[in-house]
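Single-letter residue listing:
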Amino acid sequence: MPNSKDLTSGYQMLVVPVSFLLVFRLNRAAVRFYDARAAVGKLIEISRVMVSEAASYWRHDPEARDDLCRWVVAFPVATRNYLRADAPDAYQEMGVVLSRAEAAALQKAQMQPLLCLDRMRKTVGRPTPRSRSRSPHGRGITCERMPQTLTRRWGLC
């Protein structure tokens, strides 16, 4: 049977290194949390700017504007679902924003954020009645760059 004094002195020698390791791990976890929080804040900021510019540039084409805004709204939700192990039913969560077929496509997609970005790019690249007859400024140059900004922000390309 080991002596209790030997065990106590052994534990005392381990207290300092273990406490340093614990503090270091907690510090790293806090840094990762705040980095992730900043990234999500940037995602929301870019999404708001994109919707604002779409509303401004595409007043003449409400269908394209609304289509882009729907997929911008779905993008943060799709990103959250991609990061979680169990994704909720897309139609129950996004039924107000997406149609049943779009929600089903989103649910089936292996990488839901990429599907949203693809739909945004298709919407932005789609010709509108005014963009055929006027300068490219009618479609909104900045709006065309926003899906690429979202893609780079999350390191998808």
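Residues numbered from 1 in each chain as written. Predicted model: local features only at pLDDT ≥ 70, side-chain atom pairs only at ≥ 80, totals over all residues. Heavy atoms only, no water.

## Remarks on the side chain of glutamate 102
Tracing the sequence through the fold places glutamate 102 in helix H4 (residues 100-108). At a separation of 2.5 Å, a polar atom in the side chain of glutamate 102 contacts the side chain of arginine 70. Here the side chain of glutamate 102 touches serine 99 through a polar contact of 3.0 Å, landing on its backbone nitrogen. Aside from chain neighbours lying at most four places away, what touches glutamate 102 is Asp67, Arg70 and Trp71. (Helix = DSSP H or I, 4+ residues; strand = E, 2+ residues; numbered from the N terminus. Polar contact = N/O pair within 3.5 Å; in protein donor to acceptor, adjacent residues only side chain to side chain. Contact = heavy atoms within 4.5 Å.)

## Describing the nonpolar core
By size, the foremost hydrophobic cluster in this structure holds 23 residues, and its most contacted members are Leu68, Leu106, Cys116 and Met120. Taken together, the elements giving at least two residues each to this core come down to helix H1 (4-57), helix H2 (62-83), helix H3 (90-94), H4 and helix H5 (112-125). Looking at which element gives the most residues to this core, the answer is H2, with nine residues. In this structure, cysteine 116 is in contact with Trp71, Ala74, Phe75, Ala78 and Leu106, ignoring residues within four places of it in sequence. (Core = buried A, V, L, I, M, F, W, Y, C linked by side-chain atoms within 4.5 Å. Buried < 20%, exposed > 50% of the residue type's maximum accessible area, 1.4 Å probe, protein only.)

## Some words on the pattern of salt bridges
Under the criterion given, the structure shown has six salt bridges. The closest approach of N and O atoms between glutamate 93 and arginine 80, which form a salt bridge, is 2.3 Å. Note that glutamate 93 is positioned in helix H3 and arginine 80 in helix H2, a separation of 13 residues in sequence. The partly exposed category is assigned to arginine 80, whose relative accessible area is 28%. For aspartate 118, the salt bridge identified is with lysine 122, shortest N-O distance 3.4 Å. Remark: lysine 122 and aspartate 118 occur in helix H5; sequence separation between them is four residues, near one turn of the helix. Given the relative accessible area of 29%, aspartate 118 is considered partly exposed. Each of Asp67, Arg70 and Glu102 takes part in salt bridges that share partners, so that together they form one network. (Salt bridge = Lys/Arg side-chain N within 4 Å of Asp/Glu carboxyl O.)

## Details of the confidence of the model for the protein
For the protein, per-residue confidence averages 78 on the pLDDT scale, and residues scoring 70 or more make up 76% of the total. Throughout residues 133-141 the model reports pLDDT below 50, and contacts reaching past four residues in sequence, or to other chains, amount to 15 contacts. (pLDDT = per-residue confidence, 0-100.)

## Side note on the packing of H2 against H5
One way to put it is that H2 packs onto H5 with a least axis distance of 8 Å and a crossing angle of 165°. Classified by the interaxial angle, the pair formed by H2 and H5 is roughly antiparallel. In terms of crossing hand, the pair formed by H2 and H5 is left-handed. Contacts between H2 and H5 involve Ala64, Asp67, Leu68, Trp71, Val72, Ala74, Phe75, Ala78, Thr79, Asn81 and Tyr82 from the former and Gln112, Pro113, Cys116, Leu117, Arg119, Met120, Thr123 and Val124 from the latter. Of the residues belonging to the contact of H2 with H5, the class tally is 13 nonpolar, four polar and two charged. (Axes fitted to C-alpha atoms, helices over the stretch in contact; angles between N-to-C directions. Parallel < 35°, antiparallel > 145°, perpendicular 65-115°, else oblique. Left-handed = near helix turned anticlockwise from the far one by under 90°. Nonpolar A, V, L, I, M, F, W, Y, C, P; charged D, E, K, R; others polar.)

## So, the packing of aromatic side chains
According to the stated counting rule, one finds one aromatic pair in the structure shown. When the centroid spacing of 5.1 Å and the interplanar angle of 75° are considered together, the rings of phenylalanine 33 and tyrosine 34 count as edge-to-face. Given the relative accessible area of 49%, phenylalanine 33 is considered partly exposed. The ring of tyrosine 91 has arginine 100 lying over it, and the distance from NZ or CZ to the ring centre is 3.9 Å. (Phe/Tyr/Trp six-rings, centres within 6.5 Å; stacked < 30°, edge-to-face > 60°. Lys NZ or Arg CZ within 6 Å of the ring centre and 35° of its normal.)

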